[in-house]
Amino acid sequence: MFFKNAIIYTYSNLPEMDEAMFQEQMFVPCSDYQFSSTGFVVPLGFSSHLNLFGDLALLCVNIEEKILPAEVVRRKTDEIIERIEEKEQRKIYRKESKQIQDDVTASLLPQAFTKHKRIHAVFDLKNHLLIVDASSENQADKMTNLIRSCTGSLPVKPIECKYPVDMGIAGWFNANAIDNNLPSAFRIGEYARLAGNGGEVHTLKGEPELIPMGRDLIAEHNMYGAEIELIYQKLVRVVFTKSLGIKGIKFLEFKEEDTLEESPDESDEQKAQADILLSISNISKIILSLCNALGGSGLSE
């Protein structure tokens, strides 16, 4: 199991954590009349809700949500209102209309399909990082809020840099830049998204000549970097964003399934741990290196 995205926080200390805390907030499927349900589950390949190995602590949350399109509710509500108005020869006003809509929603919820989303989070205890495999801050907040509800506190904050990230990304296109150079372990890939103060956006994708094209756009239109594809150590391809997030993480030297082959000397949990260790080790190195290139991260030592 490899992380595909990384929203990253830092902290100076953590509350005590144990397995029993997270069992109190175990995932329970939605009832007929719930829109959603969130809770901790045992990560695939592991045996506990809280998994400690190496310098890492792994947790997993499952989010179940009902799929009930607003158009379906509106159409059914309109049908009922039209039938009442015709039968009783009276006008349905806002308050009664809202009650009918609520009743329709309640009647349709038990029939709604559901979707599930698993979010993994790892505490990198050595580097004082919390790394959440989520594609949005809203999803990451669901994870951190649930951890906080179990532990009583979670003093984390978004990772920061001293130098403006969007300007730093723009500077990486300039081979003659003296400050904030892209670290030597990285090279720029074939995707970037540049934005200007006026709201204009240029997306460069699949461009072998991305560096000179980006440099020209930045110089001519006073643009800055919103996202950029980077390749780390010829091993990992990532998209680095101006919010100091990482997405589209892809390992290049091997296929993910190659690491999951059965071995008589290695249990499923040991293989799952190895995958997480490899994934998090590289993500931590990437974010620390890029933050340092942007004037220092201010992370706890």
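Look up a bit, the structure's there.
So, a few notes on the structure that sits alongside this text. (Residues numbered from 1 in each chain as written. Predicted model: local features only at pLDDT ≥ 70, side-chain atom pairs only at ≥ 80, totals over all residues. Heavy atoms only, no water.)

## A closer look at the overall build of the protein
Now for step 1: The number of helices and strands found in the protein is seven helices and 12 strands.
Now for step 2: Against the compact-globule benchmark of 19 Å for 301 residues, the protein has a radius of gyration of 24 Å, which places it well outside the compact range.
Now for step 3: The principal-axis extents of the C-alpha atoms in the protein amount to approximately 80 × 55 × 35 Å.
Now for step 4: When each of the 301 residues of the protein is scored for burial, the buried share is 45%.
Now for step 5: Taking the contacts inside the protein whose residues are at least 6 apart along the sequence as the reference set, 67% of them involve residues at least 24 apart.
Now for step 6: Of the roughly 16500 Å² that the protein leaves accessible, carbon and sulfur atoms contribute 49%.
Now for step 7: With 32 positive and 45 negative side-chain charges, the protein shows a separation of 6 Å between the mean positions of the two kinds. (Helix = DSSP H or I, 4+ residues; strand = E, 2+ residues; numbered from the N terminus. Rg over C-alpha atoms; globule rule 2.2 N^0.38 Å. Buried < 20%, exposed > 50% of the residue type's maximum accessible area, 1.4 Å probe, protein only. Contact = heavy atoms within 4.5 Å. Areas by Shrake-Rupley, 256 points an atom, 1.4 Å probe, with all protein chains shown as cover. Lys, Arg positive; Asp, Glu negative; His and termini not counted. Charge placed at Lys NZ, Arg CZ, Asp CG, Glu CD.)

## As for the pairing of strand β8 (residues 186–195)
For a regular strand, the rule is simple: side chains alternate between the two faces of the sheet.
Now for step 1: Counting buried positions along β8 gives seven out of 10 residues, so the element sits mostly inside the fold.
Now for step 2: Where β8 and strand β10 (residues 224–232) come together, seven bridges link them in antiparallel fashion. Paired with Ile188 across the bridge in β10 is Leu230.
Now for step 3: Relative to strand β9 (residues 201–205), β8 runs antiparallel, the two sharing five bridges. Of the residues in β9, the one forming a bridge with Leu194 is His202.
Now for step 4: Connecting the antiparallel pair β8 and β9 is a turn made up of five residues, with Gly199 showing a positive phi of about 95 degrees. (Pairing = 2+ DSSP bridges.)

## Describing unusual backbone geometry
Residues apart from glycine generally show negative phi values, whereas peptide bonds are mostly found in trans.
Now for step 1: Positive phi values are uncommon outside glycine, yet Gln89 reaches one of about 55 degrees.
Now for step 2: Tracing the chain through its elements places Gln89 in the loop between α2 (70–88) and α3 (94–108).
Now for step 3: For Lys234, which is not a glycine, the phi torsion comes out positive at approximately 55 degrees.
Now for step 4: Tracing the backbone through its elements, the reader meets Lys234 in the loop between β10 and β11 (236–241).

## Points about the layout of surface pockets
A water-sized probe, rolled over the atoms, reveals where empty space remains.
Now for step 1: Empty space within the largest pocket amounts to approximately 310 Å³.
Now for step 2: Along the wall of the largest pocket there are 18 residues; nearest its centre are Ala6, Ile7, Glu137, Ser243 and Gly245.
Now for step 3: Residue assignment for the lining of the largest pocket shows that the elements contributing at least two residues are β1 (7–11), α4 (137–151) and β12 (246–251).
Now for step 4: With three residues, the top contributor of residues to the lining of the largest pocket is β1.
Now for step 5: Taken together, the residues that form the lining of the largest pocket break down as nine nonpolar, six polar and three charged. (1 Å grid on protein atoms, 1.4 Å probe; cavity = no way out; pocket = protein on both sides within 12 Å on 5 of 7 lines; lining within 4 Å. Points joined across faces, edges and corners; volume = space filled by probe spheres on them. Nonpolar A, V, L, I, M, F, W, Y, C, P; charged D, E, K, R; others polar.)

## Some thoughts on the environment of Gly45
Now for step 1: Turning to its location among the elements, Gly45 is positioned in the loop between β2 (36–40) and β3 (51–53).
Now for step 2: The exposure class assigned to Gly45 is partly exposed, which follows from its relative accessible area of 32%.
Now for step 3: Separated by 84 residues in the primary sequence, Gly45 and Leu129 place their C-alpha atoms 23 Å from one another.
Now for step 4: For Gly45, the contacting residues outside a window of four places in its chain are Asp268, Glu269 and Ala272.

## Overview of the packing of aromatic side chains
Now for step 1: Considering all chains together, one arrives at six aromatic pairs under this definition.
Now for step 2: An angle of 45 degrees between the planes, with centres 4.9 Å apart, marks the rings of Phe2 and Phe251 as tilted. With a gap of 249 residues between them, Phe2 in the segment before β1 and Phe251 in strand β12 connect regions that are remote in the sequence. You'll find Phe2 and Phe251 in the same group, each marked buried.
Now for step 3: Taking the centre distance of 5.0 Å and the plane angle of 45 degrees together, the rings of Phe186 and Tyr232 count as tilted. Note that Phe186 is positioned in strand β8 and Tyr232 in strand β10, a separation of 46 residues in sequence. Tyr232 carries the same exposure label as Phe186, and that label is buried. (Phe/Tyr/Trp six-rings, centres within 6.5 Å; stacked < 30°, edge-to-face > 60°.)

## Quick look at the pairing of β10
Now for step 1: Taken across its nine residues, β10 has nine buried, putting it largely inside the fold.
Now for step 2: Taken together, the six bridges between β10 and β11 define a ladder with antiparallel strand orientation. Across the sheet, Glu229 pairs through a bridge with Val239, a residue of β11.
Now for step 3: What sits between the antiparallel neighbours β10 and β11 is a turn of three residues, in which Gln233 has the positive phi angle 55 degrees.

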